[in-house]
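Fold and geometry: a report
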Amino acid sequence: MAPIVTPPTDNPPETAADLLVPVPDEDGAPFWEYAARGELRIQVCTSCDELRFPPRPCCPHCQSFDSHWRPMSGRGRIWSYVLPHPPLLPAYAAQAPYNAIVVELADAPRIRLVGNLVASADAALNSVDPARLRIGAPVKVAFHTLPGGTTVPRWLLERP
């Protein structure tokens, strides 16, 4: 699965082609289909009940090819974060300083997702003051639709 980076709505880059967007593969396509419906789901092995992310065809625990998608609560905590210095892509330079966070899911602590902490689902990437980022801060998922139509999970502080 590709990195998840989303554009701001109040300062859009020149074209959506300049942005990093997910490129779904066959195994990860259901993740993005659920996200488009506003659902956070993680692949789970039907045989041994182990969650797996990123999605893949075979369970690394029991080697089963059977899986389904389990709904998650959408709650988690910031496990790690970074403020890119300087932004590596021109489309993001005007949005600096922005963050990229790693979220550990509350109901699946071994599963971690990468995204952005924002003030609201459609807010700019730099909408949260970097001083507010804290390891362990509780967050909840929100969904944002990119200009090309892909919906990505973003993260909001539980206590703004």
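In the block above lies the structure referred to throughout.
Description of the structure in this document. Since we're looking at a predicted model, the values are computed, not measured.

With that settled, consider the sheet that holds strand 3 (residues 67-71). Taken in spatial order, the three strands of this open sheet run 2-1-3, and their pairing is antiparallel. Single-partner strands in this sheet number two, and they are strand 2 (51-52) and strand 3. Looking at chain direction, strand 1 (residues 41-45) and strand 2 are connected through two bridges and run antiparallel. Across the sheet, the residue bridging to Gln43 is Arg52, located in strand 2.

This part is about the sheet that holds strand 8 (residues 151-157). The five strands are arranged 6-5-4-7-8 in an open sheet whose pairing can be described as antiparallel. Both edges of this open sheet fall to strand 6 (112-115) and strand 8, since each of them pairs with a single strand only. Each strand of the sheet is rotated relative to its neighbour by a mean of 45°, with strand direction disregarded. The pairing of strand 4 (residues 75-82) with strand 7 (residues 138-145) spans three bridges and is classified as antiparallel.

Glancing now at the nonpolar core. Ranked by size, the top nonpolar core spans 27 residues in total, and within it Leu40, Ile42, Leu105, Leu117 and Trp155 carry the most contacts. When contributions to this core are tallied by element, the ones reaching two or more residues are helix 1 (29-36), strand 1, strand 5 (100-105), strand 7 and strand 8. In terms of residues, this core owes the most to one element, helix 1, which gives four residues. Once residues lying within four places of it in the same chain are set aside, the contact partners of Leu105 are Leu40, Ile42, Met72, Arg75, Gly76, Ile111, Leu113 and Trp155.

Most peptide bonds take the trans configuration, and most residues that are not glycine carry a negative phi. A cis geometry characterises the amide bond from Phe53 onward to Pro54, with omega recorded as 5°. Assignment of secondary structure puts Pro54 in the loop between strand 2 and strand 3. Backbone torsion omega between Ala96 and Pro97 reads -5°, so that peptide bond is classified as cis. Here Pro97 is to be found in the loop between helix 2 (90-93) and strand 5. Even without glycine at this site, Asp49 takes up a positive phi of about 70°.

It is worth spelling out the pairing of strand 8 at this point. Among the seven residues that make up strand 8, seven are buried, leaving the element largely enclosed by the rest of the structure. Alternating positions in strand 8 separate into two faces, Thr151, Pro153, Trp155 and Leu157 on one and Val152, Arg154 and Leu156 on the other, with burial throughout. Where strand 7 lies against strand 8, seven bridges are found, and the strand directions are antiparallel. The partner of His144 across the bridge, within strand 8, is Val152. Taken together, strand 7 and the strand that follows it, strand 8, pair antiparallel across an intervening segment of five residues, in which Gly149 is found at a positive phi of about 105°.

Counted by the stated rule, this structure contains four aromatic pairs. The interplanar angle of 55° and the centroid separation of 5.4 Å between the aromatic rings of Phe31 and Phe53 together place this pair among those described as tilted. Highlighted residues: Phe31 in helix 1 and Phe53 in the loop between strand 2 and strand 3, separated in sequence by 22 residues. By relative accessible area, which is 21% here, Phe53 ends up partly exposed. Between Tyr34 and Trp69, the aromatic rings sit 6.3 Å apart at their centres with planes inclined by 45°, giving tilted as the arrangement. A residue pair is termed long-range when its members are at least 10 positions apart, and Tyr34 in helix 1 and Trp69 in strand 3 qualify at 35 residues.

Conventions adopted
- Residues numbered from 1 in each chain as written.
- Predicted model: local features only at pLDDT ≥ 70, side-chain atom pairs only at ≥ 80, totals over all residues.
- Heavy atoms only, no water.
- Pairing = 2+ DSSP bridges.
- Helix = DSSP H or I, 4+ residues; strand = E, 2+ residues; numbered from the N terminus.
- Axes fitted to C-alpha atoms, helices over the stretch in contact; angles between N-to-C directions.
- Core = buried A, V, L, I, M, F, W, Y, C linked by side-chain atoms within 4.5 Å.
- Buried < 20%, exposed > 50% of the residue type's maximum accessible area, 1.4 Å probe, protein only.
- Contact = heavy atoms within 4.5 Å.
- Phe/Tyr/Trp six-rings, centres within 6.5 Å; stacked < 30°, edge-to-face > 60°.

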